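# Commentary on secondary and tertiary structure
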Amino acid sequence: ADGNAATAPELPALGVSFATDELVRCSVLAVVRKGSKKSGVRKGIELSLKLSKLQPALAVEQLAPGARVLACVQSVEEHGAILTLGPQGVSGFLHADRTSGLAEGSALKVGQVILCSVAEGALAARRGGVLPLTYERAAEVSALTVNSDSVTLSTLQPGALVVAKVNRPTAGGLLVSALEFFAATVELLQLPEAPGTSEWAEAPQCAPGFKLRARVLYVDEARKTIALSARPELVKLAAHSAEGEAAVGARVEVSVVAAVPKLGLLARATLEVDGATRSFSALVPLGQMSDELVAALDKGGDTHKAVARALASFAPGAAPRAARVVGYSRLEGCAVLSLRKSVLARGVLTLADLQPGDVREATVKKLGEFGAIVSLAPGVDGLVPKDQLGAMAKRALAKTGKTGFSSGETVTVVVLSVDTAAKKLGLSLLRELIKTNLPRLSAYEAATAGLVTHGVVTGVRPFGCVVTFYAGVRGVVRAAELRATHGDVWDSDPKSCYALGQVVRVRVVSVEAAKGRMCVSFVLDAAKAAAAAGEAARAKAPRPTGEGEGEGLAREGALVSARVTAVKEDRFELTLEGPLAERAELPFAHMCDLAAHVSPMGAAYEVGAVLPGLLVIGARGGKHADRTLALSAKPSLLAAAAAGELPTLAAELTPGRTLSGYVHALAAYGAFVRFGSAEASLLVPKREVANSFVTDVSDRLAVGQSVRVHVLPPADAAAGGRPVGSLRHAACLGGGGAELLHALAREKHTLAHAAGFDAAGDYKPG
């Protein structure tokens, strides 16, 4: 775009202004060469779409009615478009009624350059430097540039339609005269009909004096050369059709039609499709003729002899050779082939050739803190994140900032994910994934209960360990299993148990393919997993302090006595009575069942008071020296534990039961209720919090509040879903109402005693 960047309007995304395969006019600014000895020299061409580069400065006097000028769409308004013409202070307005020939459903786009005509009476009608313009697609396609237009090399525009007369054939095409006195060339692939045999020069279209319509491809004022194209598709400015294109990677047989210096080989390719033979034109560029020629070109120096030898080795009309399709040239309208042995032997040419789980050879291109970028084929690059580099590389990256790999090194990778639409490729260098003989899991539908496979740890959360496989498939190892394996360490520091990027073997426990959910286990033997679950259940059974395995440690579900050591803002800090004197906490919310009594409970006991019959409901921290027990004195929980109705395992939360518990956490979608342990927890969805509609869960419930919960079956029991809970009155009150009334009486008695009242309610001074 032209103009001051500070005042220019915000431009839309390039995808809005331009379309793939659209023909555009551009100006060559520079030929860029950059690179290094390791990566090699990369060549490129810097182009510009600026109107000031495409069209020389025009004087206002040149904008006479009927004059054809290039204009850039600056903005699209309700009744038309405002266009920039080039001269300072002169703009054009293209009314919607003066626009014809646009494709159905299309419209002018900001940044688009079009060929317009100055409307009749424009100079007289000009107001404020704005000229009325017209645009006709048919006129742009058929407008013929003739001698009377006083054309010079500086004013001849790319895309202009001219009449050319053949002078003689050359090695690479035709030498013609355009506009009678301009010398121009038409390459072989730009002829009206692509040559099909080595005797192409004998065709009528190549005979001296033959006239043809052609469109200007480029004008080189420095060399005073003009290149034309007589291809019907370009002459008519027709939209490109992909019909008949050979797929990239297809193997074909080619016969050389002509060897063209500085270009390569023009060939005729044949391909077998559904039992039928299809023939089409193709180009073999110099860089795709042979591996030896590529090596010579990379060395630099005098490459003319190497190119001449390579071209001489491909005689036109010789026996067909094997080739491979590596691309398609829109401008030439032909397939691009490769005769290089390395390309013929290569298994990957595009992202479409790759599948998750494929093991391939790749070349390291770039290294950094993000990981590594490697190349599997020209134009096929993938990312190896730092978590997928391997243990040694990650340690080296942490210590020195370098991975230990070097640019240009050949490595073996495994494909993790392929996104052809976004052109993204995820790879891994982890040796266990590359060499595994286990099935590679790349779809939830392929996962069956009991399947053992390798995965990578990509997340460690309080709810479990996230294991990722291929193509974004993930599974979770639940915290209950990890707690049974790692004990209190899992509760205190779960990230110390597993490292991100760690390769693990897991067994599929259950899968919900429709929802994209999967539960996996680190215990590979199902029988051992069942035995471990039973052992965990026995270990968590309520027992007095000091029982079991000679450790004397209090376990979840046990009843203990503790002495108050400190009174904090919202809790008591205690020490268990006994030789180990474990630390514990008793929140005020767990001193009672009724929320109204929580605040006064802080005055119920002083430092040194001994509280008997407290229930262990959890623990945080690691080993004995570091852990702190969570205690509860809620009458409802103590009564349930005494009656054997307080679950400590998730398996005990069976549908149909009505249980006493407490609110552990609140979320926008519901409340989490716990019972006798951290494992025994239940989600109460928002719809089940109350009989009436609930806008905000926190308006009805508070953390630590005692509740009666009715266990409901899972929404999708067949897929192995977990049960949910309900707090609706009709579902969960049952006989629990009397228990809460008894709790009310007991708590009022406790508060009265703490405040100095006697049992009869009379106040005692002091």
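Sequence order as written defines the numbering, with residues in each chain counted from 1. Two thresholds apply to this predicted model, a pLDDT of at least 70 for residue-level local features and 80 or more for giving and counting side-chain atom pairs, whereas whole-chain, interface and lining totals are computed over all residues. Heavy atoms from the whole structure form the basis of all side-chain values; hydrogens and water molecules are not counted.

### Here we look at the overall build of the protein chain
When helices and strands are counted, the protein chain shows 16 helices and 37 strands. By residue count, 40% of the 766 residues in the protein chain fall in the buried class. In this analysis, two residues are considered to be in contact whenever any of their non-hydrogen atoms come within 4.5 Å of each other. Sequence-distant contacts, at least 24 apart, represent 56% of the contacts inside the protein chain between residues at least 6 apart. Summing over all exposed atoms, the protein chain offers an accessible surface of approximately 40,100 Å²; the carbon and sulfur share of this is 55%. Secondary structure is summarised from DSSP: a helix means a run of H or I of at least four residues, a strand means a run of E of at least two, and numbering begins at the N terminus for each. Buried means the residue's accessible area, taken with a 1.4 Å probe over protein chains only, is under 20% of the maximum for its type, while exposed means over 50%, and partly exposed covers the values in between. Computed with a 1.4 Å probe, the accessible areas rest on the Shrake-Rupley method; for each residue, only the protein chains presented here act as cover.

### Focus: the sheet that holds strand 6 (residues 113-118)
Spatially, 5 strands are ordered 3-4-5-7-6 in a closed barrel, and the strand pairing comes out mixed. Along the sheet, successive strands turn relative to each other by an average axial angle of 55°, direction set aside. Here, strands pair whenever DSSP counts at least two bridges between them. Taken together, the 2 bridges between strand 6 and strand 7 (residues 130-136) define a ladder with antiparallel strand orientation. Note that in strand 7 the partner of Ser117 across the bridge is Thr134. Fitting a line to C-alpha atoms yields each axis, with helices limited to the stretch in contact; the angle taken between N-to-C directions then spans 0 to 180 degrees.

### Details of the packing of aromatic side chains
Aromatic rings from Phe, Tyr and Trp, taking only the six-membered ring of Trp, are treated as a pair when their centres fall within 6.5 Å; an angle between ring planes under 30 degrees marks them as stacked, one over 60 as edge-to-face, and anything in between as tilted. If you walk through the whole model with that rule in mind, you get 5 aromatic pairs. Where Tyr498 meets Phe522, the ring centres are 4.9 Å apart and the plane angle is 35°; that geometry is what we call tilted. Of this pair, Tyr498 sits in the loop between helix 12 (488-492) and strand 26 (503-512) while Phe522 sits in the loop between strand 27 (517-521) and helix 13 (526-539); the two residues are 24 residues apart in sequence, bridging distant segments of the chain. Phe522 carries the same exposure label as Tyr498, and that label is buried. Ring centres of Phe572 and Phe588 lie 5.0 Å apart, and the angle between their planes is 65°; this geometry places the pair in the edge-to-face category. One end of the pair, Phe572, is in strand 29 (residues 571-576); the other, Phe588, is in the loop between strand 30 (583-587) and strand 31 (610-620), and 16 residues separate them in sequence. Phe588 shares its class with Phe572; the two are buried.

### Observations regarding the nonpolar core
As used here, the term nonpolar core means buried Ala, Val, Leu, Ile, Met, Phe, Trp, Tyr and Cys residues forming a set that is joined through side-chain atoms within 4.5 Å. Formed by 31 residues in total, the largest nonpolar core has its most connected members in Val176, Ile226 and Leu228. Looking at this core, the elements that each hand over two or more residues are strand 8 (161-170), strand 9 (173-178), strand 10 (182-187), strand 11 (211-220), strand 12 (225-229) and strand 13 (251-260). The contacts of Ile226, once residues within four sequence positions are left out, are Leu153, Leu156, Phe182, Ala183, Ala184, Thr185, Val216 and Tyr218. If you look at the next biggest cluster of nonpolar residues, it comprises 30 residues, including Ile434, Leu482, Cys497 and Met518.

### Some details on the sheet that holds strand 30
Strand-to-strand pairing in sheets goes through backbone hydrogen bonds, with the strands running parallel or antiparallel. Spatially, 5 strands are ordered 28-29-30-32-31 in a closed barrel, and the strand pairing comes out mixed. Averaged over all pairs of adjacent strands, the angle between strand axes in this sheet comes to 55°, irrespective of strand direction. Relative to strand 32 (residues 628-632), strand 30 is paired through 3 bridges, and the arrangement is parallel. The residue bridging Glu585 from the neighbouring strand is Ala630, located in strand 32.

### So, the pattern of salt bridges
Only one rule defines a salt bridge in this text: a Lys or Arg side-chain nitrogen within 4 Å of an Asp or Glu carboxyl oxygen. If you walk through the whole model with that rule in mind, you get 12 salt bridges. Lys515 is the partner of Glu512 in a salt bridge, and the nearest nitrogen-oxygen pair spans 3.8 Å. Note on Lys515: relative accessible area 46%, which makes it partly exposed. Residue Glu645 pairs with Arg657 through a salt bridge whose shortest N-O separation is 2.8 Å.

### Some thoughts on helix 7 (residues 304-312)
Among all positions in helix 7, only Ala306, Val307, Ala310 and Leu311 are buried. Relative to the axis of helix 7, the buried residues are bounded by an arc of 130° and lie together on one face. Of the residues in helix 7, the exposed ones pointing more than 90 degrees away from the buried face are His304, Lys305, Arg309 and Ala312. On the buried face of helix 7, the contacting elements are strand 13, strand 14 (264-273) and helix 6 (291-299). Taking the helix axis as origin, the arc is that swept by the directions to the C-beta atoms.

### What about the environment of Pro158?
Inspection of the secondary structure assignment puts Pro158 in the loop between helix 4 (137-142) and strand 8. Residue classification places Pro158 among the partly exposed positions, given a relative accessible area of 22%. Considered as a pair, Pro158 and Leu217 are 59 residues apart in the sequence and their alpha carbons are 5.4 Å apart. With near-sequence residues (within four places) excluded, Pro158 lies in contact with Arg25, Val216 and Leu217.

### Some thoughts on the pairing of strand 21 (residues 410-419)
Here 5 bridges tie strand 18 (residues 359-368) to strand 21, and the two strands are oriented antiparallel to one another. In the strand pairing of strand 21, Glu361 is matched with Thr412. In this sheet, strand 22 (residues 424-428) lies alongside strand 21 in antiparallel orientation, the contact comprising 5 bridges. From the neighbouring strand, Ser417 faces strand 22, where its bridge partner is Gly426. Counting the residues between successive antiparallel strands, the hairpin from strand 21 to strand 22 contains 4 residues, one of them, Lys423, with a positive phi of roughly 55°.

### Considerations on a nonpolar patch on the surface
Patch building starts from residues that exceed 30% relative accessible area and form no salt bridge, then joins like charges within 9 Å and nonpolar side chains (Val, Leu, Ile, Met, Phe, Trp, Tyr) within 5 Å. Judged by side-chain polarity, Val28, Val31, Ile45 and Leu47 come together as a nonpolar surface patch covering roughly 410 Å² of accessible area. Elements that contribute at least two residues to the nonpolar patch include exactly strand 1 (27-36) and strand 2 (40-48). Examined against the element boundaries, Val28 turns out to sit in strand 1.

### Digging into the packing of helix 6 against helix 7
When two helices pack together, you describe them by how their axes are tilted relative to each other and by the distance separating the axes. The interhelical angle for the contact between helix 6 and helix 7, taken along N-to-C directions, is 165°, at an axis separation of 10 Å. As judged from the angle between their axes, helix 6 and helix 7 are roughly antiparallel. Classified by chirality, the crossing of helix 7 by helix 6 is left-handed. Touching Leu293, Ala296 and Leu297 of helix 6 are Ala306, Val307 and Ala310, all from helix 7. Taken together, the residues that form the contact of helix 6 with helix 7 break down as 6 nonpolar, no polar and no charged. Roughly parallel refers to an angle under 35 degrees, roughly antiparallel to one over 145, roughly perpendicular to one between 65 and 115, and oblique to any angle outside these ranges. Crossings are sorted by hand: turned counterclockwise from the far helix by less than a right angle, the near helix makes the crossing left-handed, and turned clockwise it makes it right-handed. Residue classes follow a fixed rule: Ala, Val, Leu, Ile, Met, Phe, Trp, Tyr, Cys and Pro count as nonpolar, while Asp, Glu, Lys and Arg count as charged, and any other residue, Gly among them, counts as polar.

### A few points about the environment of Thr658
Its location among the elements puts Thr658 in strand 33 (residues 658-667). Judged by relative accessible area, Thr658 falls into the partly exposed class, the value being 28%. Once the C-alpha coordinates of Thr658 and Val711 are considered, the two residues, 53 residues apart in sequence, prove to be 6.3 Å apart. Any N or O atom pair separated by 3.5 Å or less is treated as a polar contact, with the protein-specific requirement of one donor-capable and one acceptor-capable atom, and with residues adjacent in sequence counted only for side-chain atom pairs. For Thr658, the side chain forms a polar contact with the side chain of His710, separated by 2.9 Å.

### A few points about the environment of Pro232
Structurally, Pro232 is set in helix 5 (residues 232-235). For the pair Pro232 and Pro192, spaced 40 residues apart in sequence, the C-alpha separation works out to 6.2 Å.

### Here's the deal with the side chain of Ser660
Position of Ser660 among the secondary structure elements: in strand 33. Here Ser660 falls in the buried class, since its relative accessible area comes to 3%.

### Some details on the confidence of the model for the protein chain
Values of pLDDT, ranging from 0 to 100, describe the predictor's confidence in every residue of the model. Looking at the protein chain, the pLDDT average stands at 81 and 82% of residues meet or exceed 70. The lowest-confidence element of the protein chain is helix 3 (residues 122-125), averaging 55 in pLDDT; the highest-confidence one is strand 24 (residues 464-468), averaging 93. Considering only residues more than four positions removed or in separate chains, one finds that residues 538-550, a stretch of pLDDT under 50, has 18 contacts.

### Things to note about the pairing of strand 7
Every second residue of strand 7 is oriented toward a common face, the buried set being Leu131, Leu133 and Tyr135 and the non-buried set Val130, Pro132, Thr134 and Glu136. Strand direction decides the pairing type here: strand 5 (residues 91-100) and strand 7, joined by 6 bridges, are parallel. Residue Gly92 lies in a different strand from strand 7, and its bridge partner there is Leu131.

### Examining helix 14 (residues 635-642)
Every buried residue of helix 14 is listed here: Pro635, Ser636, Leu637 and Ala640. Looking one or two residues past helix 14, Gly644 carries a phi angle of roughly 70°, positive in sign.

### Regarding unusual backbone geometry
Excluding glycine, a negative phi dihedral is what most residues carry, and trans is how most peptide bonds are arranged. In this structure, Lys224 is a non-glycine residue whose phi angle is positive, near 55°. Structurally, the position occupied by Lys224 is in the loop between strand 11 and strand 12. At Ala471, a position not held by glycine, the phi torsion is positive, near 60°. By the secondary structure assignment, Ala471 is in the loop between strand 24 and strand 25 (474-478).

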